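Topology and contacts: notes
Listed below are the residues making up each chain.
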Amino acid sequence: MAINGIIDLRSDTLTVPTPAMREAMAAAEVGDDVFGEDPTVNKLQEMAAQMLGQEAGLLVSTGTMGNLASILAHCGRGDELICGDQSHIFFYEQGGMAALASVQPRTLPNQPDGTLRLEDIAAAIRSDDQHFPITRLVALENTHNRMGGAVLTPEYVKSVADLAHSRGLKLHIDGARLFNAAAVLGVPVRELTQRADSVTFCLSKGLSAPVGSVLVGSREFVKRAHRARKVLGGGMRQAGVIAAAGVVALEQMTARMVEDHANARMLADMLAQVPGLVVDLARVQSNMVYFDLAPELPFDAAELCRRATAERVRMMPTAARRIRAVLHCWVNADEARTAGQVIAAAVAQGAGKTAGVVTAY
Ligand SMILES: *Cc1c(COP(=O)(O)O)cnc(C)c1O
């Protein structure tokens, strides 16, 4: 199952299209999607909207484009958007909301479980005063990437939607890994999305499609987002070859995500047993395992990743002493176990080597 013989845990974006996707792509019925005439794109958009309990959908190139098109569709110049200080939309999207939408982020502390406190949100909403920007939008992230793949529940999403709506705001959900969240909770995905005003999710992560994200919302919202997509350069033509993989992703790849979560749990349990590694097992909820190198280990995260890479296990250092491993459909249970063994050996080997150098002095 490993991709090119490598157990690649750097990200679930490393997933490659499945054989069923490649077949569907080759056989896809296509048309010019800027004219709205690509039947496969239309099918994907309708499927996604239906699954998420919304009126309409829109295929976009990336999650970043989906978030920005959503912001452009909801907000005007100078409006304010409330989001987490660890959110992807704030942290990893090049400040697009400021640079291209003239929207000001108002960040609130993300709690360890990925939530924003309701009282923080309520306090951050601006009153009607000429000095203030207009608060227009609240953005949540589910699962939460930088908070370790934390899962937001339907109850929490509802409480934020109710608060936002009671104050005249809209709710956007960056659901890049939305289907992971639904799989963890064992609920239909619409329970996490039907109360939001817009939602984006990635086809190209754990769902294993090669390209694409979908955004959904009301018909009227999607009409505006469609316009925004065009100015962002996202009006694609025979995009059905991309959408075809997305249709297969939604049909075949969502239910199996529980396997990735079980493998993440197994890997986390293994790493928690390794002297020198620190894993907060309570924070391992979906397909991500974040772990730290204890202060006594005489090498850093980049070095440990180099050692693992030499044994064909790749991971991502996310800070000097922090590493991320992401499970996905191209890493099966045996390979996850192998990864755990390789990492344990790399820690032991690294510790021994450096200790030897130290005694030589
Ligand atoms: C990956 C990701 C995105 C952006 O997706 P791209 O397709 O890489 O632009 C947005 N939000 C979250 C939480 C992500 O993990």
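Below: a short report on this structure. (Residues numbered from 1 in each chain as written. Predicted model: local features only at pLDDT ≥ 70, side-chain atom pairs only at ≥ 80, totals over all residues. Heavy atoms only, no water.)

1. Considering the site of the ligand
Around the ligand sit 13 residues, and of these G63, T64, D174, R177 and K205 come closest. For the ligand, an oxygen atom lies 2.6 Å from a polar atom in the side chain of T64. At 3.4 Å from a nitrogen atom of the ligand is found a side-chain nitrogen or oxygen belonging to H88. For the ligand, whose unbound accessible area comes to 380 Å², protein coverage reaches 85%. The element contributing the most residues to the shell around the ligand is helix 3 (residues 63–74), with three residues. Its residues assigned to classes, the shell around the ligand shows two nonpolar, six polar and five charged. (Near = heavy atom within 4 Å. Polar contact = N/O pair within 3.5 Å; in protein donor to acceptor, adjacent residues only side chain to side chain. Areas by Shrake-Rupley, 256 points an atom, 1.4 Å probe, with all protein chains shown as cover. Helix = DSSP H or I, 4+ residues; strand = E, 2+ residues; numbered from the N terminus. Nonpolar A, V, L, I, M, F, W, Y, C, P; charged D, E, K, R; others polar.)

2. Description of the sheet that holds strand 9 (residues 277–278)
Taken together, the four strands give an open sheet; going across it, the order is 9-10-13-12, and neighbouring strands pair in antiparallel fashion. Edge positions in the sheet fall to strand 9 and strand 12 (316–319), since each has one partner strand and no second. Here helix 12 (residues 257–272) sits on the sheet and contacts strand 9, strand 10 (288–293) and strand 13 (322–326); the angle it forms with strand 10, its principal contact strand, is near 15 degrees. Helix 13 (residues 301–310) contacts strand 9, strand 10, strand 12 and strand 13 of the sheet and is inclined by roughly 175 degrees relative to strand 12. (Pairing = 2+ DSSP bridges. Contact = heavy atoms within 4.5 Å. Axes fitted to C-alpha atoms, helices over the stretch in contact; angles between N-to-C directions.)

3. Observations regarding the environment of V216
With respect to the helices, strands and loops of the structure, V216 is situated in strand 8 (residues 213–217). Considering only alpha carbons, one finds V216 and E251, 35 residues apart in sequence, at a separation of 18 Å.

4. Focus on the nonpolar core
Grouped together as the largest cluster of nonpolar side chains are 53 residues, with contacts concentrated most on I121, L171, F201, L203 and L207. No fewer than three residues from each of domain 1 (7–11 + 256–347) and domain 2 (19–252) sit in this core. Core analysis: the next-biggest nonpolar cluster, separate from the first, contains 31 residues, A264, L267, A268 and A308 among them. (Core = buried A, V, L, I, M, F, W, Y, C linked by side-chain atoms within 4.5 Å. Buried < 20%, exposed > 50% of the residue type's maximum accessible area, 1.4 Å probe, protein only. Domains from an automatic or database assignment.)

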